[in-house]
Amino acid sequence: MTPETITAPKQPRSWRRIRARARWIIPTTALTVMVLAAFFAPLPFDPDTPAQGKTLVPPGSEHWLGTDKFGLDVFSRLIASAGLDIPLAITGLIVSLALGVPLGLLASQRGRWGESVVRVLDVFQAFPLLILAIAVVALMGNNIQNVVVAIAIINVPRFIRLVRSEGLTIRESRYFEAAEAIGVPNHRLMFKHMLPNMIGTILSQASLAVAHAIVVIASLSFLGIGINAADASWGAMIQTGAQSMTTGQWWASVFPGLAIFVTIMCFNSISHCLQENFGRAKQL
Amino acid sequence: MESSQNRQESQAENQLLAIRGLSTEFDTPNGTAHVVNGVDFTVNRGEIVGVVGESGCGKSVSIRSILGLVRAPGKVTAGSAVFQGRDLLTLPKSELRKARGKDIGFIAQNPFSALNPVMKIEKQFRYIAAAHGDQDGEQVLVRARQTLSDVGIAGPDRVLRGYAHQLSGGMAQRVVIAMAMLLNPSLVIADEPTTGLDLTVQRQILDLIKSLVREHQRSMLLVTHDLGVVAQYCDKVVVMYAGKVVEEGSVHAVMKSPAHPYTRALIRAIPSPKQPLVHLSGRLPDLVHYPAGCPFAPRCPEVHEECTSVAPVPKRAPHDQVFNCHLESGVTEFYAGTNA
Amino acid sequence: MRLTVYIRKRLLFMPLALASVAVLAFLLVNALPGDPVGVIAGPAATPEQLAETSRRLGLDQPIWQRFLDYFGALLQGDLGTSFYTNRSILTEIFRFLPSTLVLVTLSLALASVLGIGLGVIGAYYQGRWADGGSRFLITVFQAVPDFFLGLLLIYFLFYQFGWAPAPVGQLGLLDDAPPRVTGAALIDSLIAGNMATFWAAVQHAILPVLTLGIYYSAYFARTTYAAVGPALESKQVEFARACGLSERKVLGYALRQARTPILTYGGILLSALLGGAAIVETIFSWGGFGEWAITSILQLDLPAVQGFILFAGIGTLIVFTLLDVVVALLDPRVRYDS
């Protein structure tokens, strides 16, 4: 006989679900819209053509977010930058994952190899990675591919560490032990037993890393490194508007800064959702 | 009339802790879990009361509710816990804090979870004393040494100067007991004090706790899932299931003639060398969708029609226990075919 | 084991670690694919110019030869000579290091106070509005690049409210510079006893310290929250409460348990800030170590870049070792387990 329930489900439950869904749907949509708009949307002004005589126009009905010191429309340039910064950051992350995850899996194997990898990483971590990245780009050649390299330099050690640490924990679990005992070959162990169980954490951290990469890209373009100064990028926009900040024309720098802020919040939110829903349950 | 009034009065005088209608809820992602549902029992002076039940029956939460240690997302929603004339549940926080440690001592389940790993033992004793206004370092040290030797630690100074992780499980638990007794409480609450320890050590610790309680005419509330412990060390037993008390009575009465089907099932389940293992099938009810009627109904071997829809009321059984069931107290035939 | 034994063990490890750092620093700068000579000489260089640059940089020699030269010089304390100023790199570093140290120390102090405060509030009032508020602030602080935060502060505190002076460096253009001892205006003016300049230096430090302090407080807050939160839910704290300890004492208890990760993080941040403050230094014309590094990079001053990386690596190593010792001092478990 089924016992009758005397408590009806409370309101908060469905409300919670909606809020949880919104947490990743809204950011993902926002990001996609931004990137697509950069490529396909008709922008009110050409992001690369200055409007004659209209330098440092405050936000208004014609130039919605104003113009910078060259007369370039801030809004259009802002959207155009989304098409550079966001895909670049994501590309950098994909490369980092492609290198970091396999290396991390290998490093999680028993034996001295894993230990020495960690030692090398420890020494590597002693260096100021951002400066290192800047140096690498400047010295290897000021182009976009090297920006990807720079992002990789910063993130590959982090992912090797993460994957190794997750891998070691999984090694201690019962199901892994069982798989080993049956005689599953090593590469299958890693790819079919370990990897799926850490993918949630990896992706969550990857999302955070993309957010960080956006900052790195902005820093690089702020300094004029790696990304051509003429290309639309939020960091470069901030640099262009920086001097004017001290004289009160804030819009040329603040809006790109806000764009970075919004983008990072989006990726952080996505990361949080990934961790909540796909992060490895903390049990063996 | 008069004699029963007298009886009631002297009963009241004798009561150290009286719990009535204690209810505690937890707010979970799936809804509100009713973990403790109207718990009633009493601890008299000088009495050792065992609270027993399977994991998740709400015994630990009840204890914490009494002590005011339940934190968000949990909340005590109803009931009273009258201790030395004051209701602990309505006391202002500062008053309750003062009672903790001084009037009510607490022995935790895992000593290594109770002791601070980065602080010298000596310092932890000082903290406890200082929390109750005792700042005199020397005196505290003297008392700490005394309580440590009371619990059977031979070299108290070495222990005081060291850290928790340097102690064995048994020794660490002795230190915890010493801390609980430091300020001479009249009530000691022990939450499964021997669960984490080796079997041989368990007996020693339980013997120690019992003697410390008896010596100073203290009362004790001993939470455990082990009926054997209850049988050996307690005067009274409270059996809990799904947040409710299903039976309460003297150990002798409950163990020999258990009135509630759950208690009987528990006793039957005590393993015995020559008998096959008896088990009780089924699981605890869903605490979020708490069933109307008796919570034990789905698993009860003596379930009736009304059990699933009407909540049972407490009744007296022949040997003065109180039990919560629809059955009439025809319990005398229990002994046939059991292995108690 | 006793503390002195532990320290000795860590120190023994140092030479090996230092050597690894040196090797890695060399490799990172010299073993890059790509053509530094071409980049440095410029796209319009003639073959003679390329050869000349290559010779000047010492890049015409095989890599193992360069490594030996580098390592040999290193052991003598010579980090090379800057291309642009022709001063020794070591001199350059010590010209700029004190200014950065002053900035970083002050910023870390602010970051730790603010961050630990926010973290503790969030952890203690978990589930209530103070927690949400604190977490929101933390997320916001972390989501803006530090240089943007600096610009915003310049706009509001300098331009709008006039509370801070113009971001022209450690001192204003009209201030008397004190005689140069360390290069850090705050220190030098104190040494010279020039209180007017000292005050000006303090004022000029407000904005950069605020920028870095606010930005990095978020990281401190996160670590504090993650450490104190579980500590407050721990059985130790429950036992402490059961023994009647007041909430304040309980919080102290929890912080004691959480201090190791917080301290460790502080150490990590300290070493990260040595290089990480670079862009902020540039914005405020602070004249610090990181700013010099970036200028050197932009000028393609190879020895300077290498010297910077090496120095930063060694600095971090020293900080980490010191950190290990302090942690061992505070947390007895560490000593006994290793």
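Further up the page is the structure itself.
These figures come from a predicted structure and were not determined experimentally.

Draft legend 1. Spotlight on the overall build of chain C. Counting its secondary structure elements, chain C contains 15 helices and zero strands. Its C-alpha atoms put chain C at 80 × 55 × 40 Å along the principal axes. Going through the 338 residues of chain C one by one, you find that 52% of them count as buried. A total of about 15100 Å² of accessible surface is found on chain C, and carbon and sulfur atoms cover 67% of it. Counting 21 positive and 21 negative side-chain charges, chain C places the centres of these two groups 15 Å from one another.

Draft legend 2. Just the interface of chain B and chain C, in detail. Contact residues are listed per partner, giving 28 residues for chain B and 20 residues for chain C. Carbon and sulfur atoms make up 59% of the area that chain B and chain C hide from each other, which totals about 2500 Å². Joining chain B to chain C, the criterion identifies one salt bridge. Between C:E238 and B:R64 there is a salt bridge, with the nearest N and O atoms lying 2.5 Å from each other. Of all the elements in the fold, those that place two or more residues in the side of chain B that touches chain C are α3 (93–102), β6 (104–107), α4 (111–114), α5 (121–131) and α8 (169–181) of chain B. Sort the elements by how many residues they give to the side of chain B that touches chain C and α5(B) lands first, with five residues.

Draft legend 3. Quick look at the layout of surface pockets. Quantified by volume, the second largest pocket comes out at close to 1300 Å³. B:V70, B:R71, B:A72, B:G74 and C:R128 are the residues nearest the centre of the second largest pocket, which is lined by 37 residues in total. Those elements that place two or more of their residues in the lining of the second largest pocket are β1 (15–28), α2 (59–67), β4 (74–83) and α3 of chain B together with α5 (89–124), α6 (129–142) and α9 (195–233) of chain C. Sorting elements by how many residues they give to the lining of the second largest pocket places α3(B) first, with four residues. Taken together, the residues of the lining of the second largest pocket sort by class into 15 nonpolar, seven polar and 15 charged.

Draft legend 4. Summary view of the interface of chain C and chain A. Tallying the contact residues gives 42 residues for chain C and 37 residues for chain A. Put simply, chain C and chain A have zero salt bridges between them. The interface formed by chain C and chain A includes zero residue pairs in polar contact (both at pLDDT 80 or more). Secondary-structure elements contributing two or more residues to the side of chain C that touches chain A are α1 (3–30), α2 (36–41), α6, α7 (146–160), α12 (278–283), α13 (289–298) and α14 (302–330) of chain C. Ranked by the residues each element gives to the side of chain C that touches chain A, the list is headed by α7(C), at eight residues. Along the lines of polarity and charge, the residues of the side of chain C that touches chain A split into 35 nonpolar, six polar and one charged.

Draft legend 5. The sheet that holds strand β9 (residues 236–241) of chain B, seen in detail. Residues and elements named next belong to chain B. Sheet architecture is open: eight strands sit in the order β6-β7-β8-β3-β9-β10-β12-β11, paired in mixed fashion. In this open sheet, the two strands that pair with only one neighbour each are β6 and β11 (314–316). Adjacent strand axes in the sheet meet at a mean angle of 20 degrees, parallel and antiparallel pairs treated alike. Each of β6 and β7 (187–191) is contacted by α8, which is oriented at about 170 degrees to β6, the strand it contacts most.

Draft legend 6. Region of interest: the packing of helix α4 (residues 129–140) of chain A against α14(C). Here α4(A) crosses α14(C) at 160 degrees, and the two axes come no closer than 11 Å. Here α14(C) runs roughly antiparallel to α4(A), going by the angle between their axes. The way α4(A) lies across α14(C) gives a crossing that is left-handed. In contact with A:I131, A:L132, A:A135 and A:L139 of α4(A), α14(C) contributes C:L302, C:V305, C:F308 and C:I309. Considered class by class, the residues forming the contact of α4(A) with α14(C) number eight nonpolar, no polar and no charged.

Draft legend 7. Spotlight on the pattern of salt bridges. All names here are of chain B. Within this structure, the stated rule accounts for 14 salt bridges over all chains. Between R64 and D191 there is a salt bridge, with its nearest N and O atoms 2.9 Å apart. You can see R64 sitting in helix α2 and its partner D191 sitting in strand β7, a full 127 residues away along the chain. Overall, the relative accessible area of 2% leaves D191 in the buried class.

Draft legend 8. Molecular detail of the sheet that holds strand β5 (residues 86–87) of chain B. All names here are of chain B. Strand order in the open sheet formed by four strands is β2-β1-β4-β5, and the pairing between neighbours is antiparallel. The open sheet has two edge strands, β2 (31–44) and β5, and neither has a second partner. Here β1 runs beside β2; their pairing, made up of 11 bridges, is antiparallel. Across the sheet, A18 pairs through a bridge with T42, a residue of β2. On top of the sheet, α2 reaches β1, β2 and β4; it is set at about 110 degrees to β1, its chief contact.

Draft legend 9. Quick peek at the packing of helix α8 (residues 185–192) of chain C against α9(C). Residue and element names in this part refer to chain C. At a minimum axis separation of 8 Å, α8 and α9 run at an interaxial angle of 165 degrees. By the angle class used here, α8 and α9 are roughly antiparallel. The handedness of the crossing between α8 and α9 comes out as left-handed. Contact with α8, carried on its side by A185, L186, S189 and L190, involves M195, T197, F198, A201, V202 and A205 of α9 and no other residues of that element.

Draft legend 10. Inspection of the state of the cysteines at higher detail. Summed over all chains, the structure comprises zero disulfides over all chains. Of the cysteine sulfurs around A:C266, a residue in no disulfide, the closest is that of A:C273, at 11 Å. In this structure A:C266 comes out as buried when scored by relative accessible area, which is 8%. Take B:C300: it sits in no disulfide, and the sulfur closest to it among the cysteines is that of B:C325, at 6.0 Å.

Draft legend 11. Quick look at α13(C). Counting buried positions along α13(C) yields eight of 10 residues, so the element is predominantly enclosed. Among the residues making up α13(C), those that are buried are C:F289, C:G290, C:E291, C:W292, C:A293, C:I294, C:S296 and C:I297. Buried positions along α13(C) lie against α4 and α7 (186–223) of chain A together with α5, α11 (247–276), α12 and α14 of chain C. One or two positions beyond α13(C), positive phi appears at C:L300, with a value near 60 degrees.

Draft legend 12. How the structure looks around the packing of aromatic side chains. Counted according to the given criterion, the structure contains 21 aromatic pairs over all chains. Considering the side-chain rings of A:F39 and A:F40, the 6.4 Å spacing of their centres and the 55 degrees angle between planes classify their relative orientation as tilted. One exposure class covers both A:F39 and A:F40, and it is exposed. Summarising the aromatic geometry, the rings of B:Y241 and B:Y262 are spaced 4.7 Å apart at their centres and angled 55 degrees between planes, so their arrangement reads as tilted. Highlighted residues: B:Y241 in strand β9 and B:Y262 in helix α12 (residues 261–268), separated in sequence by 21 residues. Neither B:Y241 nor B:Y262 differs from the other in exposure class; each is buried. Connected via pairs of aromatic rings, a cluster forms that spans C:F94, C:F96, C:F289, C:W292, C:F308 and C:F311. Directly above the ring of B:Y127 sits C:K249, whose terminal nitrogen or CZ lies 5.6 Å from the centroid.

Draft legend 13. Up close: empty space enclosed by the protein. Using the criterion set out here, one finds five cavities of 30 Å³ or more in the structure. In this structure, the largest cavity spans a volume of roughly 70 Å³. For the lining of the largest cavity, the class distribution of residues is nine nonpolar, two polar and one charged.

Parameters and conventions
- Residues numbered from 1 in each chain as written.
- Chains lettered and ligands numbered in written order.
- Predicted model: local features only at pLDDT ≥ 70, side-chain atom pairs only at ≥ 80, totals over all residues.
- Heavy atoms only, no water.
- Helix = DSSP H or I, 4+ residues; strand = E, 2+ residues; numbered from the N terminus.
- Buried < 20%, exposed > 50% of the residue type's maximum accessible area, 1.4 Å probe, protein only.
- Areas by Shrake-Rupley, 256 points an atom, 1.4 Å probe, with all protein chains shown as cover.
- Lys, Arg positive; Asp, Glu negative; His and termini not counted.
- Charge placed at Lys NZ, Arg CZ, Asp CG, Glu CD.
- Contact = heavy atoms within 4.5 Å.
- Buried area = accessible area lost by both parts, 1.4 Å probe.
- Salt bridge = Lys/Arg side-chain N within 4 Å of Asp/Glu carboxyl O.
- 1 Å grid on protein atoms, 1.4 Å probe; cavity = no way out; pocket = protein on both sides within 12 Å on 5 of 7 lines; lining within 4 Å.
- Points joined across faces, edges and corners; volume = space filled by probe spheres on them.
- Nonpolar A, V, L, I, M, F, W, Y, C, P; charged D, E, K, R; others polar.
- Polar contact = N/O pair within 3.5 Å; in protein donor to acceptor, adjacent residues only side chain to side chain.
- Pairing = 2+ DSSP bridges.
- Axes fitted to C-alpha atoms, helices over the stretch in contact; angles between N-to-C directions.
- Parallel < 35°, antiparallel > 145°, perpendicular 65-115°, else oblique.
- Left-handed = near helix turned anticlockwise from the far one by under 90°.
- Disulfide = S-S within 2.5 Å.
- Phe/Tyr/Trp six-rings, centres within 6.5 Å; stacked < 30°, edge-to-face > 60°.
- Lys NZ or Arg CZ within 6 Å of the ring centre and 35° of its normal.

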